[in-house]
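Observations on the model geometry
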Amino acid sequence: MTGRPHLDSPHVMEFMTRNHRVFLFCRDDAERPIGYAMRSVAYAAATHCLYFATYTKSAKVRHLRADPDVACLVLPSEPSDGAAHWVSVRGTADVYRPSATEIDAMIDAASPDSRVPDAVVAKVKDRLLSGKRSLIRLTVDQVRAADLPADARVSQDRCDY
């Protein structure tokens, strides 16, 4: 086992910025662990914040407001070499209604994922503006583990548990 990956590792930050397939783990109403398959909207490396859009009335919003301590597993948006690369993080989530300026800065008119039609992106932006959807901001305070592609790995970016 080598050391725990560092939050400011350029390899970890680049992986989190480039990949949007995420599993968000929190606690449900009975305080049992529960996971949600998500797609991150953005990762702000400077502030270590990972963002998601979700319906304001969803159970996950209720769960996050009751207990904001969360964990996430970030996976490649599209596997490049068949290997299962990933980054696992912990942090604190807050749910809020973003401003129009923040929505425009965070969400382009077209999705970088060709599988997501532009009409879906427009609908998400409209629902964020109307309050039907909210943003989850996960402030990452710890990288728990990482298995990054071999060409991007340095000894401090790998942790085997």
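In what follows, the structure referred to is the one given above.
From a predicted model like this one, the values you see are computed outputs, not experimental measurements. (Residues numbered from 1 in each chain as written. Predicted model: local features only at pLDDT ≥ 70, side-chain atom pairs only at ≥ 80, totals over all residues. Heavy atoms only, no water.)

**Description of the pairing of strand β5 (residues 86–96)**
As paired strands, strand β4 (residues 69–75) and β5 are joined by six bridges and run antiparallel to one another. Paired with cysteine 72 across the bridge in β5 is valine 89. The pairing of β5 with strand β6 (residues 133–147) spans eleven bridges and is antiparallel. What sits directly across from tryptophan 86, in β6, is aspartate 147. (Pairing = 2+ DSSP bridges. Helix = DSSP H or I, 4+ residues; strand = E, 2+ residues; numbered from the N terminus.)

**Considering the sheet that holds β6**
Read once around its circumference, the closed barrel built from six strands follows the order β1-β2-β3-β6-β5-β4, with strand pairing classed as antiparallel. Taking each pair of neighbouring strands and ignoring which way they run, the sheet shows an average axis angle of 40°. Looking at chain direction, strand β1 (residues 21–27) and strand β2 (residues 33–44) are connected through seven bridges and run antiparallel. Across the sheet, the residue bridging to phenylalanine 23 is alanine 37, located in β2. (Axes fitted to C-alpha atoms, helices over the stretch in contact; angles between N-to-C directions.)

**Comments concerning the environment of serine 134**
Relative to the elements of secondary structure, serine 134 occurs in strand β6. Residues serine 134 and valine 61, spaced 73 residues apart in sequence, show a C-alpha to C-alpha distance of 8.7 Å.

**Here we look at unusual backbone geometry**
One non-glycine residue, glutamate 31, lies in the positive phi region at around 65°. Position of glutamate 31 relative to the elements: it lies in the loop between β1 and β2. Classification of glutamate 31 by relative accessible area gives exposed; the value is 61%. Unusually for a residue other than glycine, histidine 48 sits at a positive phi of about 60°. (Buried < 20%, exposed > 50% of the residue type's maximum accessible area, 1.4 Å probe, protein only.)

**Remarks on the state of the cysteines**
Inspection of the entire model under this criterion finds zero disulfides. In this structure cysteine 26 is a free cysteine whose sulfur lies 9.5 Å from that of cysteine 72, the closest cysteine sulfur available. For cysteine 26, a relative accessible area of 4% corresponds to the buried category. Its relative accessible area of 1% is what places cysteine 72 among the buried residues. (Disulfide = S-S within 2.5 Å.)

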